[in-house]
Amino acid sequence: MNGQARHHGSLDPVLMMLAAMILAIALTWIIPSGEHQRTSDKENAPVIAGTYQPLAKPLGAAALLPGKAKEGEARPVSPVALVTSIPAGLKKSAPLIFMILSLGGMFGVMRATGALDAGIQRLIGVSGGRMAILVPVLMLAFSAGSTFLGMISEYLLLIPVMVALGERLGRSRMFGFAIVTLAAKVGYLASVTSPVALLIAQPIVNVPVFSGLGFRLAIWIAFLAIAMLYVLREARIVSTPAPIEHERLSSRHLAILLIAAATLVLLVVGSLEFGWHDGEFTALFIAAAAVMTLVAQVPARKGVALFVDGMKSMMLAALLVGMGRAVEVILRDGQILDTIIEAVSSGIHGMSPVIVAPIVMGVEMVLTLLIPSTSAKAALSIPVLGPIAASAGVSGQVTVLAFLFGNGLVNMLAPTSGMLLAYLAAAGIPYNQWFRFAAPLFALLALLSAAALMIAVLIGY
């Protein structure tokens, strides 16, 4: 799959990430450095509002060489970081990278058994290939997992499945990809009960976790309906659809598909009930691949080869995740993120709350380009923006909503989002093709999100 992501005339995702890293290094030379005090020494510990202090940053020739800043000073990031930050980003993202690779390995085994193709054909047979049934049902299921449970990286498993489904129906690769991606992104934007965002963001502004879900639920339903209609526009036939067959699945194929379904269920239960993370998910995918190999009666040597080939197909996706983290490493080392937050927060004093709420969303959109990580961005921005917004009459609930909108909207398109680029690499779709497809929907949802924030302020949400 990694080779499919590079089409003639398309933007190479690795070069895009290198360009983002170069820009990040340049910003550390242009933007003054500063820092807030934090509640602990942990990397993503929340900042303490009102504690910002500018830092001296000598810009002499010595700064061109790698090194650490003196106590009480900052350093612009050396151009050498263009190479040194990549292994640093890979190291910080190692658990997620291993999960992505093991997921590719499991998928390689699953596809080789023929169960995937048989399952897709059965799904088409049950629905009769009717788009008006397939698209809403699938998008509702995927978006529900995202908005209620916070599922995002888990959907990498389904990207190749949906692309294959779209092609089997004679539709474009973009059609199958959009079914998963837009559904997941809209769900994450609304985050009705997503623990990933709300467990961090709401306590910072002293509102109960998961409170205010009624308004977010209405937003989710409205935005998801728009996304469904948008995907159905892409449902035109571009090739000859495969004939619709109504044959039942063989017992072996059914067993393998049930193993895949059980794996997905365990992902959710393990995450929510037992606190599983990427390391446990990696072990789960390896175990699932081994069981699939046994059920399919594939010789051990061939099963290992299939698993390794599947891992190779996800190599580009894994690299992009690490490079995305490298951008964040550069910006943190240059200590300019706190300066950006402080500059914006001081600029919104005295404004009307109806205006401040969309401005907070806009700030979060900019920050999402710099830091795609939801938890890191919440810990950095909300402790500073929350009190400033509150002084303008914006409630904590609305501040969290602005954070969710800004985070979810930009992660739909951000070229610095390693996870989005991993999605695209898994589907074999170039970034610029995705940008052209999704940009109109992004613009519409951004306008509607700003309007929703204004309404939220006016109704006292």
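As annotated in an unreviewed UniProt entry, the protein carries the name YfcC family protein and comes from Sphingomonas lycopersici. What UniProt records for the protein under Subcellular location (unreviewed entry) is the sentence "Cell membrane".

Attention now moves to the overall build of the protein. Counting secondary structure elements, the protein contains 19 helices and 2 strands. A compact globule built from 461 residues would reach a C-alpha radius of gyration of about 23 Å, and the protein, at 23 Å, matches this within 12%. Taken along the three principal axes of its C-alpha coordinates, the protein extends 70 × 55 × 45 Å. Residue burial in the protein is summarised as follows: out of 461 residues, 55% are buried. The contacts in the protein between residues at least 6 apart in sequence include a share of 79% that link residues at least 24 apart.

A separate point is the layout of surface pockets. Of the pockets and cavities examined, the largest pocket occupies roughly 1,400 Å³. Every residue lining the largest pocket is counted, 38 residues in all, and those nearest its centre are Leu96, Val196, Asp278, Ser373 and Ser375. At the level of secondary structure, the elements contributing two or more residues to the lining of the largest pocket comprise helix 3 (94-112), helix 7 (173-190), helix 8 (195-204), helix 10 (251-274), helix 11 (278-295), helix 13 (315-334), helix 16 (374-391) and helix 18 (418-427). Grouping the amino acids of the lining of the largest pocket by side-chain chemistry returns 17 nonpolar, 14 polar and 7 charged. Considering only enclosed or pocket space, the second largest pocket measures out at about 970 Å³ in volume.

Turning next to helix 11. Taking 1.5 Å per residue as the helical rise, helix 11 with its 18 residues ought to reach 26 Å, and the 26 Å between its terminal C-alpha atoms agrees with that figure. Restricting attention to buried positions, one finds in helix 11 the residues Phe281, Thr282, Leu284, Phe285, Ala288, Ala289, Met292 and Thr293. Residues of helix 11 that are buried sit in contact with helix 3, helix 10 and helix 12 (300-313). One or two steps after helix 11, the chain reaches Gln297, where phi turns positive at roughly 55°.

This part covers the side chain of Thr282. For Thr282, the position within the fold is in helix 11. Relative accessible area serves as the criterion here: at 12%, Thr282 is assigned to the buried category. Residues in contact with Thr282, not counting those within four places in the same chain, are Pro95, Phe98, Met99 and Ser102.

Before going further, it helps to examine the pattern of salt bridges. Across all of its chains, the model carries 5 salt bridges by this definition. A salt bridge links Arg38 to Asp338, with the nearest nitrogen and oxygen atoms 3.1 Å apart. Note that Arg38 is positioned in the loop between strand 1 (33-35) and strand 2 (53-55) and Asp338 in helix 14 (residues 337-347), a separation of 300 residues in sequence. Notably, a salt bridge pairs Glu167 with Arg173, separated by 2.8 Å at the nearest N-O pair. Owing to a relative accessible area of 37%, Glu167 belongs among the partly exposed residues under this scheme. A network of salt bridges, in which partner residues are shared, links Arg325, Glu328 and Arg332.

On average, residues of the protein score 86 in pLDDT, and 96% of them are at 70 or above. Counting interchain partners and residues more than four positions distant, the pLDDT-below-50 stretch residues 1-8 has 22 contacts.

This paragraph deals with the packing of aromatic side chains. Throughout the structure, instances matching the rule amount to 9 aromatic pairs. Note on Phe274 and Trp276: the rings are 6.2 Å apart at their centroids and 35° apart in plane angle, and the pair reads as tilted. Taking relative accessible area as the criterion, Phe274 reaches 60% and is therefore assigned exposed. Within the aromatic cluster, the residues linked to one another by ring pairs are Phe177, Tyr230, Trp434 and Phe437. In this structure, Lys185 packs its charged tip against the face of Tyr423, placed 5.7 Å from the ring centre. The ring of Tyr230 carries Arg233 above its face, with NZ or CZ at 4.9 Å from the centroid.

Okay, the nonpolar core next. One finds Ile100, Met139, Phe142, Phe177, Ile179, Leu182 and Trp434 to be the most contacted residues of the largest nonpolar core, which totals 149 residues. Leaving out residues up to four positions away in the same chain, Phe142 has contacts with Tyr155, Leu158, Met162, Ile179, Val180 and Ala183. By size, the runner-up hydrophobic cluster in this structure holds 10 residues, among which are Ala201, Val207, Val400 and Leu404.

Procedures and definitions
- Residues numbered from 1 in each chain as written.
- Predicted model: local features only at pLDDT ≥ 70, side-chain atom pairs only at ≥ 80, totals over all residues.
- Heavy atoms only, no water.
- UniProt positions renumbered as here; feature names shortened; annotations may be inferred.
- Helix = DSSP H or I, 4+ residues; strand = E, 2+ residues; numbered from the N terminus.
- Rg over C-alpha atoms; globule rule 2.2 N^0.38 Å.
- Buried < 20%, exposed > 50% of the residue type's maximum accessible area, 1.4 Å probe, protein only.
- Contact = heavy atoms within 4.5 Å.
- 1 Å grid on protein atoms, 1.4 Å probe; cavity = no way out; pocket = protein on both sides within 12 Å on 5 of 7 lines; lining within 4 Å.
- Points joined across faces, edges and corners; volume = space filled by probe spheres on them.
- Nonpolar A, V, L, I, M, F, W, Y, C, P; charged D, E, K, R; others polar.
- Expected span 1.5 Å × (residues − 1).
- Salt bridge = Lys/Arg side-chain N within 4 Å of Asp/Glu carboxyl O.
- pLDDT = per-residue confidence, 0-100.
- Phe/Tyr/Trp six-rings, centres within 6.5 Å; stacked < 30°, edge-to-face > 60°.
- Lys NZ or Arg CZ within 6 Å of the ring centre and 35° of its normal.
- Core = buried A, V, L, I, M, F, W, Y, C linked by side-chain atoms within 4.5 Å.

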